[in-house]
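# Geometric and topological summary
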Amino acid sequence: MKNIFYLIILVIFSLFVNQHVANRGAFPIDSFLIFDAGYNIISGHHPFKDYWLITGPFLDYVQAFFFLIFGVNWTSYVLHASAVNVLLAVFSFYFFVNIGLKNYYAFVYSLGTSLLAYPSIGSPFIDHHAVIFCILACYSISLGFLYNKNIFWILTPIFIIFSFFSKQIPSSYLTILFVIFICFFFMKKQNKQNLLYLTLGSLVSFFLIFIVFVINEIPFKNFLTQYIFYPLSLGEQRMGNLNIDFDNLIAQFKFIYLVSIPLIIGTYFLKQSKQKKLLHSEEFSNSLIFLISLAILIYCQLLTKNQVLIFFLIPIAAAYSHAYIEKYFNKKYIIYFILLIFIFSTAKYHIRFNVNKKFIDLAKADFNLSVEATTLDKRLHGIKWITPHYISNPSKEISLLIETKNILNGVKDRKIIVTDYQFFSSLLDNQFVSPNKWYDGLSVPNKNNKYYYEFKDFFITKLKLNDIKYIYFIGQNKHTMYFFNELIQKNECILSQRINELLVEFDINKCEKIL
């Protein structure tokens, strides 16, 4: 009965804390990353086929589902992220209890996890989905080792696939890790039933993907180019430019390391003790999986070069260390140390990311200046509008966006919209999807990248097939990207004009052929 009470509180807290935090400000390219993508799918446009996509198709389809059920609006958009936050909180509680924590400790650590996980951004985001589903996969495979329950062997590959189709890493690395441990496990146990259910989970995952591709007629070649080969070329560049120094590798993750130290030391001393059978135990395997997974997640965070999102690993690592120390050593002072670090760090990062909104670059914002986004459109109800672009004058930004919306509403010709404000297609009910999901230095291949001309051909082909007459750029300097500069330089038929501070128009009516 007490567990049910804890679960109810966890669900309510993890849902509403994310809904609340998400409404405070926005960073257009991140906060609205999949808003129009969800709308595009319910309008019949699909990734890889209709728009170039290098990460996140899983989020697009899940968001389309939320829009179909709850309507195309900001609340249902954020509800997607909140639902994932709830899933993480509930599964964390279940996992912590099953590795030996007392219920109230499992509850407190799960609260901390949900407070630091999705609320750091609030809205659906590819990196958060990818990491969270990897954590759920870690939980699932660990419980599979411990209890041999078939459901966990089914869920593990499903969670990995969900993570991979959110973002290619860290799931690719974790898959290698899991395969190694699974091979040792089945060699030792020779449990054919577990292997059967693991295979079943894998087949179900791939069958779902196959169905999506077949029903929506998504070319597999496009998927390989956009989601596998081109991102691999980016990964090579990032690995070559990886900056590993004390601040990056040690200082910024210090609390993750601190709460993991008891687990590391405990694992080492148990290895050295007379309990040699523990080397082959499920508990020992699980501790190794968790510690190696932590290292992989930190490495992947360094590769992304974005704001740090993995601080919610602190309460997870703290819970794991707490359970391990209590089970094998029962040293109260170590447990107090873990709890102290957990409480301090959770409060610290809650203030930094949820209150001060550092993840979306609003740490210096005065939220008293924010304005209601409903003045732009009722579907954005709930957002207290303030962004880093007009951090001292959000009212001006809203006025410019309203003006832009009214101008584009008056354009009846076929048009595509290139913007970080990725809600305009849905607000305008524009039926012509932009050939790329978003536009930045990574999603658009560099001129020197071998996939640049494949992207260019894909982009121009979509303009021709849809008989596009205008390209509109909303936001500062999107039209100055190299790709669009080259487009206008090679096609003198394109007429460019700035309409307002945010809006630039490319008129391609006179172009018989675009080079």
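Look above for the structure.
The model shown is predicted, which means the values in this text are computed figures rather than measured ones.

The next subject is the overall build of the protein chain. Helix and strand content of the protein chain: 20 helices and 6 strands. The C-alpha atoms of the protein chain give a radius of gyration of 24 Å, which matches the 24 Å a tight globule of 515 residues would have. C-alpha extents for the protein chain along the principal axes are approximately 80 × 50 × 45 Å. Taking all 515 residues of the protein chain together, the buried fraction comes to 57%. Within the protein chain, residue pairs in contact and separated by at least 24 positions form 75% of the contacts whose partners lie at least 6 positions apart. When the accessible surface of the protein chain is split by element, carbon and sulfur atoms take 63% of a total near 21900 Å².

Attention now goes to the nonpolar core. Grouped together as the largest cluster of nonpolar side chains are 172 residues, with contacts concentrated most on Phe96, Tyr109, Phe178, Phe312, Phe423, Phe459 and Phe484. Sorting elements by how many residues they give to this core places helix α7 (residues 126-147) first, with 13 residues. When residues no more than four places from it in sequence are discounted, the contact partners of Phe459 are Ile416, Pro435, Tyr439, Ile471, Phe483, Phe484 and Leu487.

Moving on, we come to the layout of surface pockets. Approximately 480 Å³ is the volume found for the second largest pocket. Elements that contribute at least two residues to the lining of the second largest pocket include exactly α8 (150-164), α9 (171-189), α10 (192-215) and α11 (220-240).

With that settled, consider empty space enclosed by the protein. Under the definition given, this model contains 5 cavities of 30 Å³ or more. In terms of lining, the largest cavity is formed by 15 residues, of which the most central are Asp36, Ile417, Gln422, Ser434 and Lys437. For the lining of the largest cavity, the residue count by class is 7 nonpolar, 6 polar and 2 charged.

Time to look at the packing of α9 against α10. Remark: α9 packs on α10, axes separated minimally by 9 Å, with the N-to-C direction vectors making an angle of 150°. The orientation of α9 relative to α10 falls into the category roughly antiparallel. Taken together, the residues of α10 that come into contact with α9 (itself represented by Ile182, Phe185 and Phe186) are Asn194, Leu195 and Leu198. Looking at the contact of α9 with α10, its residues break down into 5 nonpolar, 1 polar and no charged.

Time to look at the pairing of strand β4 (residues 470-474). Within β4, 5 of the 5 residues are buried, which leaves the element mostly enclosed by the surrounding structure. Here β4 shows a buried face lined by Tyr470, Tyr472 and Ile474 and a second buried face lined by Ile471 and Phe473. Relative to β4, strand β3 (residues 415-419) runs parallel, the two sharing 5 bridges. Residue pairing in the sheet places Val418 in a bridge with Phe473 of β4.

Let us now look at the state of the cysteines. Under the defined criterion, the tally for this structure stands at 1 disulfide. Through a disulfide, Cys493 is tied to Cys511; the S-S separation comes to 2.0 Å. The disulfide joining Cys493 to Cys511 has a torsion of about 105° about its S-S bond and is therefore right-handed. With Cys493 in the loop between α20 (482-490) and β5 (495-498) and Cys511 in the segment after β6 (503-507), this residue pair connects regions lying 18 residues apart in the sequence. Using a relative accessible area of 14% as the deciding quantity, one classes Cys511 as buried. Just so you know, Cys134 is unpaired, no disulfide at all, and the nearest cysteine sulfur is the one on Cys138, 6.9 Å from it.

Viewed as axis vectors pointing N to C, α9 and helix α14 (residues 282-304) meet at an angle of 170°, and their least axial separation amounts to 9 Å. With respect to α14, the element α9 is oriented roughly antiparallel. For the pair α9 and α14, contact is made by Tyr173, Leu174, Leu177, Phe178, Phe181, Phe185, Lys188 and Lys189 and by Glu282, Ser285, Leu288, Ile289, Ile292, Ser293, Ile296, Tyr299, Cys300 and Leu303, respectively. Counted by class, the contact of α9 with α14 contains 13 nonpolar, 2 polar and 3 charged residues.

Counted according to the given criterion, the structure contains 12 salt bridges. Among the ionic pairs, Lys490 bridges to Glu486, the shortest N-O distance being 3.8 Å. Of this pair, Lys490 and Glu486 both sit in helix α20, 4 residues apart, roughly one helical turn. Classification of Lys490 as partly exposed rests on a relative accessible area of 43%. Overall, Glu486 belongs to the buried group, its relative accessible area being 4%.

On to the environment of Ser321. Its place among the elements puts Ser321 in helix α15 (residues 313-328). With 17 residues separating them in the primary sequence, Ser321 and Ile338 have C-alpha atoms 7.7 Å apart. Excluding its chain neighbours within four sequence positions, the residues that come into contact with Ser321 are Val259, Ser260, Pro262, Leu263 and Ile338.

If you walk through the whole model with that rule in mind, you get 71 aromatic pairs. With centroids separated by 5.6 Å and ring planes inclined at 80°, the aromatic side chains of Phe164 and Tyr227 adopt a geometry described as edge-to-face. On the criterion of sequence distance, the pair formed by Phe164 in helix α8 and Tyr227 in helix α11 is long-range, its members being 63 residues apart. Here Phe164 and Tyr227 have matching classes, each one buried.

This next bit is on the pairing of β6. For β6, the tally of buried residues reaches 5 of 5 residues, placing the bulk of the element in the interior. Alternating positions in β6 separate into two faces, Leu503, Glu505 and Asp507 on one and Val504 and Phe506 on the other, with burial throughout. Examined bridge by bridge, β4 and β6 share 5 bridges and lie antiparallel to one another. Each bridged residue has a counterpart across the sheet, and for Tyr470 the counterpart in β6 is Asp507. Hairpin connection of β5 to β6: 4 residues between the antiparallel strands.

So, how was this worked out
- Residues numbered from 1 in each chain as written.
- Predicted model: local features only at pLDDT ≥ 70, side-chain atom pairs only at ≥ 80, totals over all residues.
- Heavy atoms only, no water.
- Helix = DSSP H or I, 4+ residues; strand = E, 2+ residues; numbered from the N terminus.
- Rg over C-alpha atoms; globule rule 2.2 N^0.38 Å.
- Buried < 20%, exposed > 50% of the residue type's maximum accessible area, 1.4 Å probe, protein only.
- Contact = heavy atoms within 4.5 Å.
- Areas by Shrake-Rupley, 256 points an atom, 1.4 Å probe, with all protein chains shown as cover.
- Core = buried A, V, L, I, M, F, W, Y, C linked by side-chain atoms within 4.5 Å.
- 1 Å grid on protein atoms, 1.4 Å probe; cavity = no way out; pocket = protein on both sides within 12 Å on 5 of 7 lines; lining within 4 Å.
- Points joined across faces, edges and corners; volume = space filled by probe spheres on them.
- Nonpolar A, V, L, I, M, F, W, Y, C, P; charged D, E, K, R; others polar.
- Axes fitted to C-alpha atoms, helices over the stretch in contact; angles between N-to-C directions.
- Parallel < 35°, antiparallel > 145°, perpendicular 65-115°, else oblique.
- Pairing = 2+ DSSP bridges.
- Disulfide = S-S within 2.5 Å.
- Salt bridge = Lys/Arg side-chain N within 4 Å of Asp/Glu carboxyl O.
- Phe/Tyr/Trp six-rings, centres within 6.5 Å; stacked < 30°, edge-to-face > 60°.

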